[in-house]
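Structure assessment
For reference, the chains in residue letters:
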Amino acid sequence: MRTVTSVQQYPIFGSEIKCPHCRQIIPALILTDTYLCPRHGAFEVQPNCRDLVHLQSDRQWRLWDDEWYRQHTHPDGIRFEIHESIDHLYTQGYRAIKVTIAHRYMGLVEHYLENTSIVSSAQSLYGLTVEFSPPEEQDTRWGIINFELEKELGVPKGYPYFRSF
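What you see is a predicted model; the values in this text were computed from it and never measured.

1. Brief notes about the layout of surface pockets
Reported here for the largest pocket is a volume of approximately 860 Å³. Arg-23, Glu-81, Glu-84, Ser-85 and Phe-147 are the residues nearest the centre of the largest pocket, which is lined by 26 residues in total. At the level of secondary structure, the elements contributing two or more residues to the lining of the largest pocket comprise strand S6 (60–64), strand S7 (67–71), helix H1 (75–91) and strand S12 (147–153). Of the residues forming the lining of the largest pocket, the biggest block, 7 residues, is contributed by H1. Its residues assigned to classes, the lining of the largest pocket comprises 10 nonpolar, 6 polar and 10 charged.

Structure, rendered in structure tokens:
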């Protein structure tokens, strides 16, 4: 007869996690691969790839450095997330000066980038210089995180899409 330990009773992320939406601590349902948030519903772990899937919307997240990162399948999702982060920096007294986007999103966002120079191949999004990360085979975190903003102190310069919430 096989004995089930308490660790085996929970999904692979343990007995509780932070909800990817509201970041409150939510419990695992015993003997399932599911976590339940009272505000956002059920999240199920896909054991083969360690993705966390919101069952109502089918949105997926991956965990890196104790933070959940949404895995986008549509360009509007990644663009909105970048825009939201730029706005958040502004409320903290910073301006974004460059965005590095995960290489895996190149096909999703390249049609939304603006060429900033006829001479060079420099591109921008929301007035920021855009670079793409190395492929995830070279740096595994880029298989999970979506983008990074380079920032400096101050008010945005020429950021045409800024709006304060």
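After that view of the structure, there is still more to cover.
2. Comments concerning the sheet that holds strand S9 (residues 114–115)
Within the open sheet, the 5 strands sit side by side as S9-S10-S11-S8-S12. Their pairing is mixed. Where the open sheet ends on each side, the last strands, each with one partner, are S9 and S12. In terms of strand pairing, strand S10 (residues 123–125) meets strand S11 (residues 128–132) through 2 bridges, oriented antiparallel. Each residue of the ladder has a partner; that of Ser-124, found in S11, is Thr-129. Set on the sheet, H1 makes contact with strand S8 (94–101), S10, S11 and S12; between it and S12 the angle comes to about 20°.

3. Description of the sheet that holds strand S5 (residues 51–54)
On the basis of which strands lie adjacent, the open sheet formed by 5 strands has the order S3-S4-S5-S6-S7 and antiparallel pairing. Where the open sheet ends on each side, the last strands, each with one partner, are strand S3 (34–37) and S7. The mean angle between the axes of side-by-side strands here comes to 30°, regardless of whether they run parallel or antiparallel. In terms of strand pairing, S5 meets S6 through 2 bridges, oriented antiparallel. Paired with Leu-52 across the two strands is Trp-61, which belongs to S6.

Cut-offs applied
- Residues numbered from 1 in each chain as written.
- Predicted model: local features only at pLDDT ≥ 70, side-chain atom pairs only at ≥ 80, totals over all residues.
- Heavy atoms only, no water.
- 1 Å grid on protein atoms, 1.4 Å probe; cavity = no way out; pocket = protein on both sides within 12 Å on 5 of 7 lines; lining within 4 Å.
- Points joined across faces, edges and corners; volume = space filled by probe spheres on them.
- Helix = DSSP H or I, 4+ residues; strand = E, 2+ residues; numbered from the N terminus.
- Nonpolar A, V, L, I, M, F, W, Y, C, P; charged D, E, K, R; others polar.
- Pairing = 2+ DSSP bridges.
- Contact = heavy atoms within 4.5 Å.
- Axes fitted to C-alpha atoms, helices over the stretch in contact; angles between N-to-C directions.

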